[in-house]
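Examination of the molecular architecture
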Amino acid sequence: MVAVDYTLTVDGEIADRSRPGQPLEFICGTGMLLPKFEAAIEGKEPGEKVSFTLAPADGYGEFIPDAVVDIPKGAFMVDGKLAEDILFVGSQVPMSDSQGHRMMGVIREITDQTVKMDFNHPMAGKTLNFEVEVVSVRDVTPEDLAPKGGCGCGCDSCGDDCGHGDEHHDECGCGHCH
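Residues numbered from 1 in each chain as written. Predicted model: local features only at pLDDT ≥ 70, side-chain atom pairs only at ≥ 80, totals over all residues. Heavy atoms only, no water.

1. Some words on the overall build of the protein chain
Across its full length, the protein chain holds 3 helices and 11 strands. Across the protein chain, helices and strands are ordered from the amino to the carboxyl terminus as β-β-β-α-β-β-β-β-β-β-β-β-α-α. (Helix = DSSP H or I, 4+ residues; strand = E, 2+ residues; numbered from the N terminus.)

Spelled out as structure tokens, the structure:
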């Protein structure tokens, strides 16, 4: 079990960081974080700091133009009415493909007939610059492995106030953390 304080900078701006006094805790090797992130802190002891950069291929992949699609506006009808509460540029909308796979899309544009949705990861195509300090390292306990409720990704609640930054929410993959 590792706890880290981190700052993620993308395009010269801080994109995410752990909250003071609330480090990101994770079990190494479970796929909770990016593999290259874990590799960069492997073997580090509490108090050690490391800075590293991940290219898009080692982060969230390249931006895929084909993952930006126009969807008929009628797909956003609920009970015969347009779902205006979610229909705005920047809105994150959970959707399912024809095989029932859930995915998160972001509305990029709305026209009279269509809604342009982007199904790329928000950090796709981005170079990720991390500054990380290892806060603690300890053996995993049975309590660490027990379900914690909430969404089941290992957090207690995984709402906006769960204490984990966006990096965790984007990476955990449970589909409930946003």
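2. Quick look at the pairing of strand β8 (residues 92-96)
In β8, alternate side chains face the same way, and those of V93 and M95 are buried while those of Q92, P94 and S96 on the opposite face are not. Taken together, the 5 bridges between β8 and strand β9 (residues 102-110) define a ladder with antiparallel strand orientation. Each residue of the ladder has a partner; that of V93, found in β9, is G105. (Buried < 20%, exposed > 50% of the residue type's maximum accessible area, 1.4 Å probe, protein only. Pairing = 2+ DSSP bridges.)

3. Here we look at the sheet that holds β8
As summarised here, the arrangement of the 4 strands in space is β5-β10-β9-β8, forming an open sheet in which the pairing is antiparallel. Each edge of the open sheet carries a strand with a single partner, namely β5 (68-72) and β8. The mean inter-strand angle of the sheet, taken between neighbouring strand axes irrespective of direction, is 45 degrees. As judged from the 4 bridges shared by β9 and strand β10 (residues 114-118), these two strands associate in the antiparallel manner. Residue pairing across strands places I107 opposite M117, the latter belonging to β10. (Axes fitted to C-alpha atoms, helices over the stretch in contact; angles between N-to-C directions.)

4. Points about the pattern of salt bridges
Evaluation of the coordinates by the stated rule reveals 4 salt bridges. Two residues, D70 and K116, come together in a salt bridge whose shortest N-O distance is 3.2 Å. Placement of the pair is D70 in strand β5 and K116 in strand β10, with a sequence separation of 46 residues. The class for D70 is partly exposed, based on a relative accessible area of 47%. On the accessibility criterion, K116 (25% relative accessible area) is partly exposed. (Salt bridge = Lys/Arg side-chain N within 4 Å of Asp/Glu carboxyl O.)

5. Regarding the side chain of D16
Mapped onto the secondary structure, D16 falls in strand β2 (residues 13-17). Comment: no salt bridge for buried D16; closest opposite-charge side chain is R19, at 7.7 Å. Within the structure, the side chain of D16 is placed 2.7 Å from the side chain of Y6, a separation counted as a polar contact. (Lys, Arg positive; Asp, Glu negative; His and termini not counted. Polar contact = N/O pair within 3.5 Å; in protein donor to acceptor, adjacent residues only side chain to side chain.)

6. What to know about the pairing of β10
With 5 bridges connecting them, β5 and β10 associate as antiparallel partners. Across the sheet, residue P72 finds its bridge partner in β10, namely T114. The hairpin turn running from β9 into β10, its antiparallel successor, is 3 residues long.

Honestly, it's all geometry; don't read function into it.
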